[in-house]
Structure formats: C-alpha cells, structure tokens
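# A structural walkthrough
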Amino acid sequence: MVDLVQSHGGRPALGWWDQIRPHSLGWVTARTSDGLVVGFVNVAWDGADHAFLIDTKTRGAHQHHGIGSAMVRRAAEQAKAAGCEWLHVDFSPELASFYFEACGFGPTDAGLIHLPSLG
Ligand SMILES: CC(C)(COP(=O)(O)OP(=O)(O)OC[C@H]1O[C@@H](n2cnc3c(N)ncnc32)[C@H](O)[C@@H]1OP(=O)(O)O)[C@@H](O)C(=O)NCCC(=O)NCCS
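Not measured: the values here are computed from a predicted model. Position labels on residues start from 1 in each chain and follow its written sequence. Where local features are concerned, this predicted model is filtered to residues with pLDDT of at least 70; where side-chain atom pairs are given and counted, the filter is 80 or more; whole-chain, interface and lining totals use all residues. Note: side-chain values were computed over all heavy atoms of the structure, leaving out hydrogens and water.

## As for the sheet that holds strand β1 (residues 24-31)
Sheet strands pair via backbone hydrogen bonds, and the direction of the pair is either parallel or antiparallel. Two strands pair if DSSP finds at least two bridges between them. Labels follow the DSSP assignment, with helices taken as runs of H or I lasting at least four residues and strands as runs of E lasting at least two, numbered in each case from the N terminus. If you walk across this open sheet you meet the 4 strands as β1-β2-β3-β4, and the pairing is mixed. One side of each edge strand has no neighbouring strand; the edge strands of this open sheet are β1 and β4 (86-88). Going from strand to strand, the sheet's axes swing by 25° on average, the running direction of each strand aside. Note that β1 and strand β2 (residues 37-45) share 7 bridges and pair antiparallel. Each axis is a line fitted through C-alpha atoms, and for a helix only the stretch in contact is used; angles between axes span 0 to 180 degrees, taken between their N-to-C directions.

Next comes the structure, spelled out in structure tokens:
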C-alpha cells in the first residue's frame, strides 16, 4: 500500500491500513498477473444502509486503463450485495468526470465541516 500511494504522488502513513480496516465494510484491490497491487478502493459504512467510498487509487503507471472505474463498479456491486442502499463519495472538482461519467455517481447536495477549523 505504501508503494501504491507513493506511485501516484501521495504521502503514505505507516500503519494507516491497520487503523482503517476495522471500520471497513470491504475493499477492492486490482493486481497484475504477477501479484503487484495496482489499484485499491476502500468502502467504509455506517453499519446499515450507507456506504462511503474512500481512498480510491490506481498505481501511477497503470492509470487510464479502466482500473479505477472497474474497482468502483465492483465496490458498488458488493455494497449492494451487502444490503446497502446508498454509496457516497466526495472528491475535488477535477475528478468530476471520473466519478460522474466513468463511475456513474449522480450529483447531490452535501455538507462538510473542517473540524480542526472549528472555534
Ligand atoms: C482517480 C484515479 C483513481 C482514477 O484511476 P484510473 O484507473 O486511471 O481510472 P480509469 O482508467 O477507470 O478512468 C476512467 C475515466 O475517468 C476519467 N479520469 C480518470 N482519472 C482522472 C483524473 N485524475 N482526472 C480527471 N478525470 C479522470 C477519465 O475520463 C478516464 O477516461 P480516459 O482514461 O479515457 O481518460 C487515479 O487517477 C488516481 O489514483 N489518482 C490519485 C489518487 C486520487 O486522487 N484518488 C481520488 C480520491 S477521491
């Protein structure tokens, strides 16, 4: 995972996955035939009908080959199979075409508070 995060210019934190995994409904990975991890997406949830897509990433050299959208599709299918009704995601504006067009999300109203900025 550390290697995968570094491959797209991210800053990995050691122990991150061990901390996150207990809160995950499930996750999808993509691998090459020799086992190299080239993609990852995690699905967190509320324990009922809301699932949250987070940490979508594709290894730098493997981007734009349909891996990210295929992983998201698989995550959505499996969240549905697990009984969830809604799959949420948020993202920066430049990723709108990935999530809206390639992955099939629809726009919605949403809100966000940056908690460290609270007085
Ligand atoms: C976003 C990301 C996961 C996409 O993975 P991918 O495997 O390249 O996705 P796909 O090949 O399925 O992309 C399908 C289409 O989505 C759109 N798309 C993909 N990546 C995009 C990006 N970074 N910006 C804008 N549109 C993008 C394109 O239309 C693309 O079609 P094209 O390849 O014909 O141009 C990958 O760019 C990534 O890991 N980025 C760094 C981490 C990140 O920002 N994650 C998102 C957190 S919210």
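## Concerning the packing of aromatic side chains
Here a pair means two rings of Phe, Tyr or Trp (six-membered ring of Trp) with centres within 6.5 Å. Their orientation is stacked below 30 degrees between planes, edge-to-face above 60, and tilted elsewhere. All told, the structure shown has 8 aromatic pairs when counted by the stated rule. Taken together, a centroid distance of 5.2 Å and an interplanar angle of 85° make the contact between W17 and F40 edge-to-face. Of the two residues, W17 sits in helix α2 (residues 16-20) while F40 sits in strand β2, which places them 23 residues apart along the sequence. Buried means the residue's accessible area, taken with a 1.4 Å probe over protein chains only, is under 20% of the maximum for its type, while exposed means over 50%, and partly exposed covers the values in between. We classify W17 as buried; its relative accessible area is 15%. Aromatic pair Y99 and F105: ring centres 5.9 Å apart, planes at 75°, arrangement edge-to-face. The pair formed by Y99 and F105 is uniform in burial state, with each residue classed as buried. Pairwise contacts between aromatic rings join F91, F98, Y99, F100 and F105 into one cluster.

## Notes on the nonpolar core
Within this scheme, the nonpolar core is defined by two criteria: the residues are buried Ala, Val, Leu, Ile, Met, Phe, Trp, Tyr or Cys, and they are joined through side-chain atoms within 4.5 Å. In this structure, V41, L53, M71, A75 and F105 are the most contacted members of the largest nonpolar core, which totals 16 residues. Those elements that place two or more of their residues in this core are β1, β2, β3 (50-58) and α3 (67-81). Among the elements that take part in this core, α3 stands out by supplying 5 residues, more than any other. When checking whether two residues touch, look at their non-hydrogen atoms; a contact exists if any pair is within 4.5 Å. What M71 contacts, discounting residues up to four positions off in sequence, is V28, T29, A30, G39, F40, V41, K57 and T58.

## Describing the site of the ligand
Put simply, a residue is near a molecule or strand once any heavy atom of it comes within 4 Å of that molecule or strand. Taken together, 18 residues sit near the ligand, with T56, H64, G66, G68 and S69 positioned nearest. In the environment of the ligand, an oxygen atom lies 3.5 Å from a nitrogen or oxygen atom belonging to the side chain of Q63. Nitrogen and oxygen atoms within 3.5 Å of one another constitute a polar contact, given that in protein one can donate a hydrogen and the other can accept it, and given that sequence-neighbouring residues count only through two side-chain atoms. S69 places a polar side-chain atom, nitrogen or oxygen, 2.6 Å from an oxygen atom of the ligand. Using a 1.4 Å probe, accessible areas were evaluated by the Shrake-Rupley method; residue-level cover was limited to the displayed protein chains. Notes on the ligand: free accessible area 890 Å², of which the protein chains cover 68%. Those elements that place two or more of their residues in the shell around the ligand are β3, α3 and α4 (96-102). Among the elements that line the shell around the ligand, the one with the most residues is α4, at 4 residues. Looking at the shell around the ligand residue by residue, the classes come out as 5 nonpolar, 10 polar and 3 charged. Three classes are used, and their members are as follows: Ala, Val, Leu, Ile, Met, Phe, Trp, Tyr, Cys and Pro are nonpolar, Asp, Glu, Lys and Arg are charged, and the others, Gly among them, are polar.

## Considerations on unusual backbone geometry
Glycine aside, negative phi is the norm for most residues, and most peptide bonds take the trans geometry. At D55, a position not held by glycine, the phi torsion is positive, near 65°. With respect to the helices and strands, the residue D55 is situated in strand β3. Of note in this structure, H64 is not a glycine but carries a positive phi near 65°. Examined against the element boundaries, H64 turns out to sit in the loop between β3 and α3.

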